[in-house]
Amino acid sequence: MNIEPLAIGKYSLTLYPIYDGGLSYSYHYWSLPDSYIDIPCFEIKKVHSEYKNIDYQIKWCCKELLEVIGISGGLILDARALENDYLPQLNTIFEEYRGREIPIVVICSELQKCKLSESETYLELAESLYEAFENLLIKLLHYDRIRKIPVIDENWLKENVNSISLPISKIQYQCYTWEILESIVGGYIKFIGAYGYGSDGDLDGLFIRLHIDKFFDRLKPEALIVDLQELEYNWGDALSVYPVKLIPEGSPIRIILKSNKLKAFTGVVRNEDIRVDLEESLTNLSEYIKAKKVPSHS
């Protein structure tokens, strides 16, 4: 991977990886019989303790899995490979699902169970996949997602497991930062590739939205630039380029488009956010943030 700074006029942008390789993991799911509900599972296989932001990676891997499979079946997290120090952070990771009738069941050892119980966890805990499935099905029955609990045993779980491969799109992305003031940075994310036409682009749209949200959530930049100049897009309802925490009009965000592609993005991008010159956008946003952060002496 190219880790050289990206030079844009007078600006030097630093590569910013969203993930830094802290986990080895797998995704899979089960389709309940006589039901439209799928139950996803995120299995942590190994934690590479030399890496940071493990909690962030768990959060966004699970979020991506739920977005792809659907939230109606809840989630099973196999955390038996997770070190005890990380366990209390699970309460924070899944806080957004609390109270939303989205059951989260964590598979853990007896020792891990005690550690989580010390943190007064609200998560459902189980010591095996079968027990986790039982607990989750009881919750789904309580939430009226299923009419009755299907007869499922350990053999059924082994024979009916489905693997899923993520990422869900062939679109590529690159993330960078640029310094605005000391300890204050802006974020720049660029997407490259072909966006499927119409509903064929639904997973591409989901991929783009999730990665903008991931980037914004981890970096928490004061300003954001989304570069779509190399995204081949004609039409598709699923495209959203605004992170959920930066929706209001007047937010410090710029969307960079090719001048001959402006019409294709009508209804997707607010007119006031569109720019065709990246360096000009870096300057405008930097000046905007500096004006807000540095008091005027005039």
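Reference entry: report on the structure contained in this document.

What counts as what
Residues numbered from 1 in each chain as written. Predicted model: local features only at pLDDT ≥ 70, side-chain atom pairs only at ≥ 80, totals over all residues. Heavy atoms only, no water. Phe/Tyr/Trp six-rings, centres within 6.5 Å; stacked < 30°, edge-to-face > 60°. Helix = DSSP H or I, 4+ residues; strand = E, 2+ residues; numbered from the N terminus. Buried < 20%, exposed > 50% of the residue type's maximum accessible area, 1.4 Å probe, protein only. Lys NZ or Arg CZ within 6 Å of the ring centre and 35° of its normal. Contact = heavy atoms within 4.5 Å. Core = buried A, V, L, I, M, F, W, Y, C linked by side-chain atoms within 4.5 Å. Pairing = 2+ DSSP bridges. Axes fitted to C-alpha atoms, helices over the stretch in contact; angles between N-to-C directions. Expected span 1.5 Å × (residues − 1).

### Structural notes on the packing of aromatic side chains
Counted according to the given criterion, the structure contains 12 aromatic pairs. Consider the rings of Phe-133 and Trp-156, whose centres lie 6.2 Å apart with planes at 65°: the pair is edge-to-face. On the criterion of sequence distance, the pair formed by Phe-133 in helix H4 (residues 129-142) and Trp-156 in helix H5 (residues 154-159) is long-range, its members being 23 residues apart. Of the two residues, Phe-133 and Trp-156, both sit in the buried class. Where Tyr-176 meets Tyr-188, the ring centres are 6.1 Å apart and the plane angle is 45°; that geometry is what we call tilted. You can see Tyr-176 sitting in strand S9 (residues 172-181) and its partner Tyr-188 sitting in strand S10 (residues 184-194), a full 12 residues away along the chain. Judged by relative accessible area, which is 5%, Tyr-176 ranks as buried. According to the relative accessible area criterion, Tyr-188 is buried, its value standing at 2%. The ring centre of Tyr-56 lies 5.4 Å from the NZ or CZ of Arg-218, which sits over that ring. Between Arg-270 and the ring centre of Tyr-242, over which it is positioned, the NZ or CZ distance is 4.3 Å.

### Focus: the environment of Leu-77
Looking at the secondary structure, you find Leu-77 in strand S5 (residues 75-78). Leaving out residues up to four positions away in the same chain, Leu-77 has contacts with Phe-42, Ile-44, Cys-62, Leu-90, Phe-94, Val-105, Val-106 and Ile-107.

### Points about the nonpolar core
Phe-42, Leu-82, Leu-90 and Phe-94 are the most contacted members of the largest nonpolar core, which totals 63 residues. With 9 residues, the single largest contributor to this core is helix H1 (residues 54-69). Filtering out sequence-adjacent residues up to four positions away, Phe-94 remains in contact with Cys-62, Leu-75, Leu-77, Ile-104, Tyr-122 and Leu-123. Core analysis: the second largest hydrophobic core is formed by 18 residues, Cys-41, Leu-136, Leu-137 and Ile-146 among them.

### Digging into the sheet that holds strand S1 (residues 6-8)
The sheet built from 7 strands is open, its strands ordered S1-S2-S9-S10-S11-S12-S13 with mixed pairing. A single partner strand is all that each edge strand has here, and the edge strands are S1 and strand S13 (274-275). Examined bridge by bridge, S1 and strand S2 (residues 11-15) share 3 bridges and lie antiparallel to one another. Bridge pairing in S2 places Leu-6 opposite Leu-13. Strands S9, S10 and strand S11 (223-232) of the sheet are contacted by helix H6 (residues 202-219), whose axis makes an angle of about 165° with S10.

### Side note on the pairing of strand S12 (residues 253-256)
Where burial is concerned, the two faces of S12 agree: the one with Ile-253 and Ile-255 and the one with Arg-254 and Ile-256 are both buried. Bridge count for S11 against S12 is 4 bridges, and the pairing is parallel. Looking at the pairing, Ile-225 lines up with Arg-254 of S12. Bridging between S12 and S13 involves 2 bridges; their strand directions are parallel. Bridged to Ile-256 within S13 is Arg-275.

### Digging into H6
For H6, with 18 residues, the first-to-last C-alpha span of 26 Å sits near the 26 Å given by 1.5 Å per residue. With 15 of 18 residues buried, H6 is to be regarded as a mostly interior element. Looking one or two residues beyond H6, the residue adopting positive phi is Lys-220, at roughly 50°.

Keep in mind these values describe shape, not function.
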